[in-house]
Structures are given as structure tokens and as C-alpha cells.
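Inside the fold
The lines below spell out each chain.
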Amino acid sequence: MLFFVFWEAVLIPAGVLILVYGGERRRRAAITFFLYTMAGSVLLLAAVIGLGAEALRQTGKWSFELGVLYGLRLDWNMQMFVFIAIMLACLVKVPLVPFHAWLPLAYYEAPASVTALMAGALSKMGAYGILKLALPLAPDVAVAAGPAMAALAVTSLLYGAVLALREEDYKKLIAYSSLSHMGYVVLGLFSLREVAIHGALLQMLSHGVAVAGLFALLGMLEQRLGPSYRHATALSTAAPRFAIWLMLFVLTTVALPLTSGFTAEFLILFGAFAQGLAAWQAHAGTLQLIVALLAVTGMVLGATYMLRFARAILFGTDAGAHRIADLRPAETASLLPLLLVILVIGIAPAAVMSKAQSVAAQLAPPRTLAAPALPAAPAAGKHREHAWQVTSPTVSFPTICCSRCCSC
């Protein structure tokens, strides 16, 4: 219940910030953002009430504590209800296609600093809800729905990338890139592999700091140029320090080796491909393998639109570019923590991954039994521990990532 309270609480300041400090269409942006997220919240509340009622039936008293809810034995129908309600709420918050209609307008009309907060923190609440609620509370349905959810994630990933490729406005381009990159997070979670779950957690952190850095720099540029910052050029000549910092965050989003983006996306794609290949070898269909292959093309598209963005804003000629003041020491200092996170995850991810080792191991099902297809609806009252045992067989891969931090 406390999770739901804070889930709702963030809507008020975010909506107020858009409404007060947003652009010309700030009222519409704030209302759209509020209505979409509120609709998802109603479904989340229904799931919370249903779980409380189930706790009353099984334990004799109402309880919303996660420790109690995790111990409940939910039948297939109850798991289906909980999974659908929680997932719809989380997919609006992430967001994923087709629940993303609020994102372009809200990101565009909100001030750059507010957009940095929304993209860097608020969108991660949806992924956290999937990780904390949907997967552990409805494990049977999560296994069955895994391929479909992975396909939806890659659809959102490619859709956001294509929109970003066509976008000329810098702020909208980064907004659509956020839509694309959050698809990797959901793909990693529903690959149901320990290595992919680690990658999803790292992607949440990596994307949060990278996109926050990009929007923060755009906000600083807006303070210098006003509305025309959305089409500024020639920063490398007029403001070299500005250009260097912006390029560092761009390289993180395109998954350059030694950055956090590379570590996160590599682990996600490795786990997704392993799951897809295992399902194919177990004659469980080729959907997961196709999804993994399509996700790789998202990296190519991501590099294309982000490098095009960097070329447009850093180079070229602009008669007014000489008016841009370079980054001040205080502004540079505010960006240093973000760069530190990027480098730590990119160079030594084991230190971060070890903190989430137990969580990733619990969520990833053991791959000991082979099954020709995903499980049908289990018998009522079936204990959740058996849900993870009907999966594809283990596939041997060369050990590429560090064996001290995860099991590939």
C-alpha cells in the first residue's frame, strides 16, 4: 500500500511543474500526463485491493506487506488479474507503445529540468513496479507472457528509434530516444535470465543518468539561447566544454564500450538471445529469437539518430553561435556525478551488480527442465515455486561477462 501511495504522490508535483513552468500547451500536456498515469493507477489500486482480499482469505487478516503478499498461493486466474493490472499501470509509466501518447507532449512542453526528472527518475518507477510486483507476484503468468511482453518491448524500442530518426527538434528527439531505450529494460526483465535482469537494472541506472545529463545540458542551453536552443548548431566552436560534455552523454546512449550503456545493453541482448535460442532448440517457437535479433537493430538505429543529433548540434555554421557562453565551473561540477556513474558501470560493473545478485537470482527461473511450449493454466492453488521450472533448457555459451557477479 505504501508503494501505491508514493506511486500516486509523484503525479502531483510533476503535473504542477508542467502546468506552471511548461510551454504554450502546458495545460494540455499536464492534463494528458495526469489522466494517463491516473488510469494506470486505478488498475494498480485494484490489484492492491485484490491482493489484500486474498491475504484475508488465506491468512485471516488484511495485509498489504510485501513479505505477506509474496507468500500467498495465487491461482492462475488471480495471477492473471494481478499481472494485467500491474503491467498496464507500469507500461503507462515506463512508457511502452501503445501507452506512450502522453510522453511526447509532456516532454516537449515541460522545462528541460523537469523533463530530466521525468525521464531520469519517474519513468524508472514503471520498470521498478514490474520488477518488484508483477514478476514475483504472478510468476506463472510472467513465464507464459514473457515472449509477448518481450515482443512488445522490442516493438516500442524500434518505434521510438524510427520516430527519433525523423525528428529535427532536439528535445523531441531525446524524448523518443527515451521511449526506445526503456524498451531494452522491459526486454531484459522478460527475458527471465539472470544476466538479462542484471542488464535491465544497469540500463535503468545508465539511461537515467545519461538522459538526465542530456536534458540538463539542453536546459542550460535554453537559459542561454531561449526557445531557439532546440535548433542550435556549432557548439564545438562556440562552447567547446559544452560540446565535450554533451558528446560524453551521447556516446553513453549509443552504448560505446567502457560506458554504462554498453554494459547494460550487452547483458540484455546476451540474455535475450540465450533465451530465444534455448526456446528455439526446445521447439517452443522462434518468436523470442526473432525478438532478440530485432533488438540488435535497435542499437544501430540508436547510434544513427544520436550521432546525427550530435553532428547537428556540435558542428555546422551559425551566425549566433558566438553568443553561447561555455559551461561554468558550477555547471560542470553538477554533471560530474553523472559521469562518474557512467564510468563505474562501464568499467567495473561487478561492484554494482553484486548488490542486486540475490534479487536477480530469485527472479530468474532455474533452467533445469525442458518443455515444448509455455505452460498452460496451472491448477488452482499451485504453489508459485513450480512456476519457474517449466522453461527452456540451458544453453552453453562462452563466458564473456564476469563470473563473479552473475551467472551467464
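Residues numbered from 1 in each chain as written. Predicted model: local features only at pLDDT ≥ 70, side-chain atom pairs only at ≥ 80, totals over all residues. Heavy atoms only, no water.

**Observations concerning the pattern of salt bridges**
All chains considered together, the criterion is met by six salt bridges. Close ionic contact of Arg57 with Glu54 constitutes a salt bridge, the shortest N to O distance being 2.4 Å. Separated by three residues within a single helix, Arg57 and Glu54 lie in helix H3 (residues 26–59), roughly one turn from each other. Each member of the salt-bridge network shares a partner with another, and the members are Arg224, Arg328 and Glu331. (Salt bridge = Lys/Arg side-chain N within 4 Å of Asp/Glu carboxyl O. Helix = DSSP H or I, 4+ residues; strand = E, 2+ residues; numbered from the N terminus.)

**With respect to the packing of H3 against helix H5 (residues 76–93)**
Direction vectors running N to C along H3 and H5 enclose 155°, while the axes themselves pass 8 Å from each other. Relative to H5, the element H3 is oriented roughly antiparallel. The chirality of how H3 crosses H5 is left-handed. From H3, Tyr36, Thr37, Gly40, Leu43, Leu44, Ala46, Ala47, Gly50, Leu51 and Glu54 reach across to H5, where they touch Met78, Phe81, Val82, Ala85, Ile86, Leu88, Ala89, Val92 and Lys93. Looking at the contact of H3 with H5 residue by residue, the class counts come to 14 nonpolar, three polar and two charged. (Axes fitted to C-alpha atoms, helices over the stretch in contact; angles between N-to-C directions. Parallel < 35°, antiparallel > 145°, perpendicular 65-115°, else oblique. Left-handed = near helix turned anticlockwise from the far one by under 90°. Contact = heavy atoms within 4.5 Å. Nonpolar A, V, L, I, M, F, W, Y, C, P; charged D, E, K, R; others polar.)

**So, the nonpolar core**
In terms of nonpolar packing, the biggest core is built from 60 residues, with Phe83, Ile86, Ile130, Leu187 and Phe190 touching the most fellow members. In this structure, Leu187 is in contact with Ala150, Ala153, Val154, Ile268, Ala272, Val291 and Ala295, ignoring residues within four places of it in sequence. (Core = buried A, V, L, I, M, F, W, Y, C linked by side-chain atoms within 4.5 Å. Buried < 20%, exposed > 50% of the residue type's maximum accessible area, 1.4 Å probe, protein only.)

**Quick word on the confidence of the model for the protein chain**
With 87% of its residues at a pLDDT of 70 or more, the protein chain shows a mean pLDDT of 82. Per-residue pLDDT stays below 50 along residues 368–408; that stretch engages in 91 contacts with residues further than four places along the chain or on separate chains. (pLDDT = per-residue confidence, 0-100.)

**A short note on a nonpolar patch on the surface**
Nonpolar side chains collect at one region of the surface, where Ile12, Val16, Leu19, Val20 and Tyr21 lie side by side and expose about 490 Å² of accessible area between them. Looking at the secondary structure, you find Tyr21 in helix H2 (residues 11–21). Judged by relative accessible area, which is 55%, Tyr21 ranks as exposed. (Patch = residues over 30% accessible without salt bridge, like charges linked within 9 Å, V, L, I, M, F, W, Y side chains within 5 Å. Areas by Shrake-Rupley, 256 points an atom, 1.4 Å probe, with all protein chains shown as cover.)

**Focus on the environment of Thr32**
With respect to the helices and strands, the residue Thr32 is situated in helix H3. Here the alpha-carbon distance between Thr32 and Trp102, two residues 70 residues apart in the chain, equals 5.7 Å. What Thr32 contacts, discounting residues up to four positions off in sequence, is Trp102 and Leu105.

**Regarding unusual backbone geometry**
In this structure, Pro95 follows Val94 across a cis peptide bond, with omega equal to -10°. Mapped onto the secondary structure, Pro95 falls in the loop between H5 and helix H6 (102–109). A cis amide bond, omega 5°, links Val97 with the succeeding residue Pro98. With respect to the secondary-structure elements, Pro98 resides in the loop between H5 and H6. Look at Leu192: it is not a glycine, yet its phi comes out positive at around 55°. Its place among the elements puts Leu192 in the loop between helix H9 (170–190) and helix H10 (194–225). Looking at Leu192, the relative accessible area reads 6%, which means it is buried.

**Section: the side chain of Ser123**
Note that Ser123 resides in helix H7 (residues 112–137). Classification of Ser123 by relative accessible area gives buried; the value is 2%. Each residue touching Ser123, except ones within four places of it in the same chain, is listed here: Lys93, Val94, Tyr107, Met118 and Met182.

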